[in-house]
Amino acid sequence: MNLSSKWLPRIWISFQNKNWLLKRISEAILLLWIISLVSFAIVQVAPGDAALSLLRVDTVAVTTEQVEALRQEMGMNDPVYQKYFRYMGNLLKLDLGESIMTGRPVVAELSHAFPATFLLAGTSLLLTIVLVGIFGYLSSRFAGSWIDKFSTGFCLMGASIPTFWLGLLLIDLFSVRLHLLPAVGMANGGLILPSLSLAIAIAPPFIKIFRNSLIDCAHQDFIRAARSRGISEKVIFMRHILKGSLIPVVTILGVSFGSLLGGSVVVEVIFGLPGVGKLAIEAVTRRDYAIVQGFVLSIGILIFLINLAVDLSYCYLNPAISLKEAERQ
């Protein structure tokens, strides 16, 4: 039986649960409203003047009347509630405004930058899963041995070194001294070093959780019962221990993927990657608030969708969750 034949019916049970679906829709509406409010408030309390940035007063001589006329044209002198209603009205039309840096629509700027961030986040998450799988399994399999202690040391090192410092160390070793990988850009394996920097930084807590979850699950009564019936260790591990140990790991990994999308800002700047993090930093320094609003809004929506996908994954990893939802009907 393939994976989809087992998973999809359980997900369908959850969708049939009207209360679950209505609850998710209500949460989505509330979350989108909160995100829009936060992104609007960030711009209102941010220091600086977008009109001055747009006129480039540092390099071009402008009069006070010209500045005031532009502020009036941009609606910056309007009351806050009018600005918010205008912002929400444009948002409902998927109009996030235009960037003052390039004059292009914010949606186009974000669409151009997101692929690099998705690629970085996806590669980093894949490397993290590999590190968690290898170190977590070996630590639980040889608990208390030198392998377990080596894994603990790796976790301490990864959790202690700041991501930007680790990135600089990797650049110095692999780019400057060994000339194996490029220091900036995405071509010719340029994603390896930034992805490794992020993976080493976020993997340690997952390794400890996965290790402890494997050990706890291996000592459950139903595992002893399976062994007493003569089921092979390979089948017990793959069907019961591994599956039962993945729930806490999947939960935190899902949250981490959302954090990777918004938290890879420093890494993108260090390695010169054209992602949304680098775009957001440039927008903040040049007071391009439309880009900042679009960044906050899009990252918030993506994190919500990721959390929704994590909830759906429970239906496969733990069928009892979907069955309990169905029993409540």
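Up top is the structure.
Moving on, we come to the overall build of the protein chain. Counting its secondary structure elements, the protein chain contains 15 helices and zero strands. By residue count, 39% of the 329 residues in the protein chain fall in the buried class. A separation of at least 24 residues holds for 75% of the contacts in the protein chain among residues at least 6 apart in sequence. Here the protein chain displays about 18,300 Å² of accessible surface, and carbon together with sulfur accounts for 68% of that area.

Examined against the element boundaries, Ser139 turns out to sit in helix H6 (residues 106-141). Excluding residues that lie within four positions of it along the chain, Ser139 makes contacts with Asp148, Ser151 and Arg211.

The phi torsion at Leu94 lies on the positive side, around 60°, for a residue other than glycine. Secondary-structure assignment places Leu94 in the loop between helix H5 (80-92) and H6. Residue His179 is not a glycine yet carries a positive backbone phi of 55°.

Moving on, we get to the nonpolar core. With 61 residues, the main nonpolar core has Tyr87, Leu110, Leu131, Ile207 and Ile241 as its most contacted residues. Broken down by element, this core gets its largest block of residues, twelve residues, from helix H9 (residues 192-218).

Attention now moves to the packing of H6 against helix H7 (residues 146-160). Helix packing for two helices is described by the angle between their axes and how far apart those axes are. Taken N-terminus to C-terminus, the directions of H6 and H7 make an angle of 140°; their axes are 8 Å apart at the nearest point. When the axis of H6 is compared with that of H7, the two are oblique. In this structure, the crossing between H6 and H7 has a hand that is left-handed. For the pair formed by H6 and H7, the contact residues are Leu131, Phe135, Leu138 and Ser139 on the first element and Ile147, Asp148, Phe150, Ser151 and Phe154 on the second. The residue makeup of the contact of H6 with H7, split by class, is six nonpolar, two polar and one charged.

The subject of this paragraph is the environment of Ser195. As for its placement among the helices and strands, Ser195 is situated in helix H9. Residue classification places Ser195 among the buried residues on the basis of a relative accessible area of 0%. For the pair formed by Ser195 and Leu119, sequence separation is 76 residues and the distance between their alpha carbons is 9.4 Å. When near neighbours in sequence (up to four residues on either side) are disregarded, Ser195 contacts Leu120, Thr123, Ser124 and Leu127.

Estimates place the volume of the second largest pocket at around 440 Å³. Contributions of two or more residues to the lining of the second largest pocket are made by helix H2 (18-45), H5, H6 and helix H14 (289-317). Top contributing element to the lining of the second largest pocket by residue count: H14, with five residues. In the lining of the second largest pocket, the residues fall into 14 nonpolar, four polar and no charged.

We now examine the packing of aromatic side chains. For the coordinates displayed, the defined rule picks out eight aromatic pairs. Where Tyr84 meets Phe85, the ring centres are 6.3 Å apart and the plane angle is 50°; that geometry is what we call tilted. Each residue in the set Phe40, Tyr81, Tyr84, Phe85 and Tyr87 is aromatic and connected to the rest through ring pairs, giving one cluster. When the ring centre of Phe142 is taken as origin, the NZ or CZ atom of Arg141, which lies over that ring, is 5.3 Å away.

Right, let's get into the pattern of salt bridges. Throughout the structure, instances matching the rule amount to seven salt bridges. Across the pair Asp78 and Arg86 runs a salt bridge, and its minimum N-O distance is 3.1 Å. For Asp78, a relative accessible area of 22% puts it in the partly exposed group. Overall, Arg86 belongs to the partly exposed group, its relative accessible area being 35%. Between Glu233 and Arg227 there is a salt bridge, and its shortest N-O distance comes to 2.6 Å.

This part covers the packing of helix H8 (residues 163-177) against H9. Direction vectors running N to C along H8 and H9 enclose 140°, while the axes themselves pass 9 Å from each other. With respect to H9, the element H8 is oriented oblique. As H8 runs across H9, the sense of the crossing is right-handed. Along its contact with H8, which presents Thr163, Leu166, Gly167, Leu170, Ile171, Phe174 and Ser175, the element H9 presents Leu193, Leu196, Ser197, Leu198, Ile200 and Ala201. Along the lines of polarity and charge, the residues of the contact of H8 with H9 split into nine nonpolar, four polar and no charged.

Position of Leu214 among the secondary structure elements: in helix H9. Leu214 has contacts with Gly136, Tyr137, Ser140, Phe237, Ile241, Leu242 and Ser245, leaving out every residue within four places of it along the chain.

Here the focus is a nonpolar patch on the surface. Taken together, Leu30, Trp33, Ile34, Leu37, Val38 and Ile42 make up a surface patch of nonpolar side chains, about 500 Å² in accessible area. When you line up the elements, Leu37 lands in helix H2. You can call Leu37 partly exposed: its relative accessible area is 34%.

Taking 1.5 Å of rise per residue, 36 residues should cover 52 Å, and H6 covers 50 Å from first to last C-alpha, within 8% of that figure. Maximal helix bending in H6 amounts to about 30°, located at Phe114; proline Pro115 follows within four positions.

Cut-offs applied
Residues numbered from 1 in each chain as written. Predicted model: local features only at pLDDT ≥ 70, side-chain atom pairs only at ≥ 80, totals over all residues. Heavy atoms only, no water. Helix = DSSP H or I, 4+ residues; strand = E, 2+ residues; numbered from the N terminus. Buried < 20%, exposed > 50% of the residue type's maximum accessible area, 1.4 Å probe, protein only. Contact = heavy atoms within 4.5 Å. Areas by Shrake-Rupley, 256 points an atom, 1.4 Å probe, with all protein chains shown as cover. Core = buried A, V, L, I, M, F, W, Y, C linked by side-chain atoms within 4.5 Å. Axes fitted to C-alpha atoms, helices over the stretch in contact; angles between N-to-C directions. Parallel < 35°, antiparallel > 145°, perpendicular 65-115°, else oblique. Left-handed = near helix turned anticlockwise from the far one by under 90°. Nonpolar A, V, L, I, M, F, W, Y, C, P; charged D, E, K, R; others polar. 1 Å grid on protein atoms, 1.4 Å probe; cavity = no way out; pocket = protein on both sides within 12 Å on 5 of 7 lines; lining within 4 Å. Points joined across faces, edges and corners; volume = space filled by probe spheres on them. Phe/Tyr/Trp six-rings, centres within 6.5 Å; stacked < 30°, edge-to-face > 60°. Lys NZ or Arg CZ within 6 Å of the ring centre and 35° of its normal. Salt bridge = Lys/Arg side-chain N within 4 Å of Asp/Glu carboxyl O. Patch = residues over 30% accessible without salt bridge, like charges linked within 9 Å, V, L, I, M, F, W, Y side chains within 5 Å. Expected span 1.5 Å × (residues − 1). Bend = angle between axes of the 7 residues up to and from the residue.

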